[in-house]
Amino acid sequence: MIELNADLLKGKILKSLLIFAFPIFISNVFQQLYNTVDTMIVGNYLGDQSLAAIGACSAIYELLVGFALGIGSGLSIVTARSYGSGDKELLKRSVAGSIIIGVIVTTVIMVVATLFLSPLLRLLNTPADIMEEAYSYISVVTLLVGVMFAYNLCAGLLRAIGNSIMPLVFLIISSVLNIVLDVLFITQFHMGIRGAAVATVISQCVSVVLCIIYIIKKCPILLPKKKHFNVGKALYIELIGQGLSSGFMVSIVSMGTVILQTAINGLGYLVIAGHVSARKLNSFCIMPITTMALATSTFVSQNKGADQGDRIRKAVKYGNIFSLCWGACISLILLVAAPMLVRLLSGSSEAVVIDNGSAYLRINSPFYMVLGMLFNFRYSLQGIGRKFVPLISSIIELIGKIVFVAIFIPSLHYMGVILCEPIIWCFMCTQLAYSFYHNDYIRRYKPKRKEAGR
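Cut-offs and rules
- Residues numbered from 1 in each chain as written.
- Predicted model: local features only at pLDDT ≥ 70, side-chain atom pairs only at ≥ 80, totals over all residues.
- Heavy atoms only, no water.
- Helix = DSSP H or I, 4+ residues; strand = E, 2+ residues; numbered from the N terminus.
- Rg over C-alpha atoms; globule rule 2.2 N^0.38 Å.
- Buried < 20%, exposed > 50% of the residue type's maximum accessible area, 1.4 Å probe, protein only.
- Contact = heavy atoms within 4.5 Å.
- Lys, Arg positive; Asp, Glu negative; His and termini not counted.
- Charge placed at Lys NZ, Arg CZ, Asp CG, Glu CD.
- 1 Å grid on protein atoms, 1.4 Å probe; cavity = no way out; pocket = protein on both sides within 12 Å on 5 of 7 lines; lining within 4 Å.
- Points joined across faces, edges and corners; volume = space filled by probe spheres on them.
- Core = buried A, V, L, I, M, F, W, Y, C linked by side-chain atoms within 4.5 Å.
- Expected span 1.5 Å × (residues − 1).
- Bend = angle between axes of the 7 residues up to and from the residue.
- Phe/Tyr/Trp six-rings, centres within 6.5 Å; stacked < 30°, edge-to-face > 60°.
- Lys NZ or Arg CZ within 6 Å of the ring centre and 35° of its normal.
- Polar contact = N/O pair within 3.5 Å; in protein donor to acceptor, adjacent residues only side chain to side chain.
- Salt bridge = Lys/Arg side-chain N within 4 Å of Asp/Glu carboxyl O.
- Patch = residues over 30% accessible without salt bridge, like charges linked within 9 Å, V, L, I, M, F, W, Y side chains within 5 Å.
- Areas by Shrake-Rupley, 256 points an atom, 1.4 Å probe, with all protein chains shown as cover.

Chemist: Please clarify how the overall build of the chain should be interpreted in this entry.
Modeler: Summing up its helical and strand segments, the chain has 16 helices and 0 strands in all. Over its C-alpha trace the chain gives a radius of gyration of 22 Å, about what one expects of a compact globule, namely 22 Å for 454 residues. Seen through its principal axes, the chain has C-alpha atoms that stretch 60 × 60 × 40 Å. Put simply, the chain has 454 residues, and 57% of those count as buried. Put simply, 85% of the contacts in the chain that link residues at least 6 apart link residues at least 24 apart. The chain carries 36 positive and 20 negative side-chain charges, and their two centres are separated by 13 Å.

Chemist: Mind showing me how you'd approach the layout of surface pockets here?
Modeler: With a probe scaled to a water molecule rolled over the atoms, the places where space remains empty come into view. Within this model, the largest pocket holds a volume of roughly 320 Å³. Looking at the largest pocket, it is lined by 18 residues, and the ones nearest its centre are Ile-99, Ala-150, Leu-153, Cys-154 and Ile-212. Counting residues per element, the ones that place at least two in the lining of the largest pocket are α3 (88–123), α5 (145–160) and α7 (193–218). No other element matches α5, which puts 6 residues into the lining of the largest pocket.

Chemist: I would appreciate a short explanation of the nonpolar core in the present structure.
Modeler: Where a protein is soluble and globular, its nonpolar side chains tend to be buried together. Tyr-137, Leu-222, Leu-361, Tyr-368 and Leu-374 are the most contacted members of the largest nonpolar core, which totals 112 residues. A total of 15 residues in this core trace back to one element, the largest contributor, which is helix α2 (residues 48–85). Apart from residues no more than four positions distant in its own chain, Tyr-368 is found in contact with Asn-282, Cys-285, Ile-286, Ile-289, Gly-327, Ile-330, Leu-334, Leu-361 and Trp-425.

Chemist: What is the right way to read helix α11 (residues 309–346) from this model?
Modeler: One full turn of an α-helix is made of 3.6 residues, so residues set three or four places apart face in the same direction. Over its 38 residues, α11 extends only 46 Å from the first C-alpha to the last, a length that falls short of the 56 Å expected when each residue adds 1.5 Å. Where α11 bends most, at Ala-337, the angle is about 65 degrees, and the proline Pro-339 comes one to four residues later. Of the residues one or two after α11, Gly-347 is the one with positive phi, at around 70 degrees.

Chemist: Please clarify how the packing of aromatic side chains should be interpreted in this entry.
Modeler: Per the stated rule, a full pass over the model turns up 8 aromatic pairs. Relative to Tyr-437, the ring of Phe-436 has its centre 5.0 Å away and its plane inclined at 85 degrees; by these criteria the two rings are edge-to-face. Assessed through its relative accessible area of 0%, Phe-436 is described here as buried. Site record: aromatic cluster; members linked through ring pairs are Phe-377, Phe-436 and Tyr-437. A cation over a ring is seen here: Lys-304 above Tyr-441, with NZ or CZ 4.9 Å from the ring centre. We note Lys-317 situated over the ring of Tyr-318; from NZ or CZ to the ring centre the distance is 5.4 Å.

Chemist: Which parts of the structure should I look at to understand the side chain of Thr-187?
Modeler: Inspection of the secondary structure puts Thr-187 in helix α6 (residues 166–188). Only 2.4 Å separates the side chain of Thr-187 from the backbone oxygen of Val-183, close enough to count as a polar contact. If near-sequence neighbours (up to four positions away) are discounted, Thr-187 is found in contact with Tyr-45 and Asp-182.

Chemist: Got a minute to help me understand the pattern of salt bridges in this structure?
Modeler: Should their charged atoms come close, side chains of opposite charge can pair. Tallied over the full model, the rule gives 6 salt bridges. With a closest N to O distance of 3.0 Å, Glu-397 and Lys-401 form a salt bridge. One end of the pair, Glu-397, and the other, Lys-401, are both in helix α14 (residues 389–412), 4 residues apart, so they sit about a helical turn from each other. Assessed through its relative accessible area of 5%, Glu-397 is described here as buried. Judged by its relative accessible area of 0%, Lys-401 is buried. The shortest N-O distance in the salt bridge between Lys-401 and Glu-421 comes to 3.4 Å. Of this pair, Lys-401 sits in helix α14 while Glu-421 is found in helix α15 (residues 414–437), placing the two residues 20 residues apart along the sequence. The class of Glu-421 is buried, set by a relative accessible area of 7%. Shared partners join several salt bridges into a network, and the residues in it are Arg-279, Glu-397, Lys-401 and Glu-421.

Chemist: Is there a simple way to explain a nonpolar patch on the surface in this structure?
Modeler: Taken together, the side chains of Ile-395, Ile-399, Val-403, Ile-407, Phe-408, Leu-412 and Met-415 define a hydrophobic patch exposed on the protein surface, amounting to about 570 Å² of accessible area. Top contributing element to the nonpolar patch by residue count: α14, with 6 residues. With respect to the helices, strands and loops of the structure, Ile-399 is situated in helix α14. A residue is classified by how much of its surface remains accessible, and Ile-399, at 49% relative accessible area, is partly exposed.

Chemist: Just checking my understanding: could you explain the environment of Thr-142 for this structure?
Modeler: Within the secondary structure, Thr-142 is located in helix α4 (residues 128–143). Overall, Thr-142 belongs to the buried group, its relative accessible area being 1%. A C-alpha to C-alpha distance of 9.5 Å links Thr-142 and Val-112, two positions 30 residues apart in sequence. Beyond its immediate stretch of four places on either side in the chain, Thr-142 contacts Leu-64, Met-110, Ala-113 and Leu-117.

Chemist: What exactly am I supposed to notice about the environment of Val-176 here?
Modeler: Mapped onto the secondary structure, Val-176 falls in helix α6. For Val-176, a relative accessible area of 45% corresponds to the partly exposed category. Along the chain, Val-176 and Ser-203 lie 27 residues apart, while their C-alpha atoms are 8.5 Å from each other.

In structure tokens form, the structure reads like this:
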């Protein structure tokens, strides 16, 4: 019988990280296919204007949905720490508390989305010729944000106990379904851009159902009983603090993206189309480093529960080395392949779309090395229970994007958009690295220097 749970508490650290990270990486690839396939089919079948409509509302999607998913990620960190400590009762109560918090948060988000989507699209300076399409897409996705939260919480709970394989299996099934439904709804049922959103939601519903069935049958350790819903004040405070800090961290970053999108939307729909294509490709390109950071987060959370700080330091070091190597490799690839990839994804032959998208990828990619280390430090700080320090980096990003929108983009135009994030990443990474290595818990496990002559 194949052992599905990776042991992150014992054995060789790099080997454990890679074994645990690989299914997460494949999962992230297929999860990204949800939006990327939407983009490809919309761009190729419905044209640049419909593609721009997806791009114009993508910042709202990241803001609303990202907040819910950030909370789910934070909640699973508490579960992983409980698992590492070996306290099964605490683990079950953390799952029960996560369910209650999740229902409340996603209900609030759905209500807010219903009331404020149209005003927010206008505030973002969305061009009038794509306003209707943008609303038809984002309204469907955000109205059912609870489905996306449910999948990510279930997958996060499974990963918290070391099982990164089954979330992958369920995601592959739903991703294939998403592709089939995309083609069916857009090309056969002529549902337009709304069809892509409906396909995404239906596919994620399937993945949620599969996850829940598996947990019920195979993972009783994650099934709380009635008594476990008496979560307790202390655990609620920990769950809410960890969940909200992760959610606000993501939403603050997304607020910066929303502000940046207002400047991009003012540059015309062809620039928007090139930017959204580059952003989708960017999401694939940074996937290995985000995957390693997510794996490191679970590793750190479990080992913090087991009080093994020396393993935490080594895991972060390996994650940073991985980021440096990947950043160098992908920079060389995109230097050559960026125009072809943008043309393939967008389905456009417009020079503005291809040139701007290619420039974005070529200039950003060398900074993936910095971004990877940024993620490693941020998620590791969360994993050891430092809820609010990572928020500072998000505030740095928000302020930086406001400065670029107000000062640099008006004069540099799209080049200002391209330079914005890499420069900000450098400041964020510096702050997070300092916070990690000067944290009292991590300093306790600082390797001792050998005495001279030995």
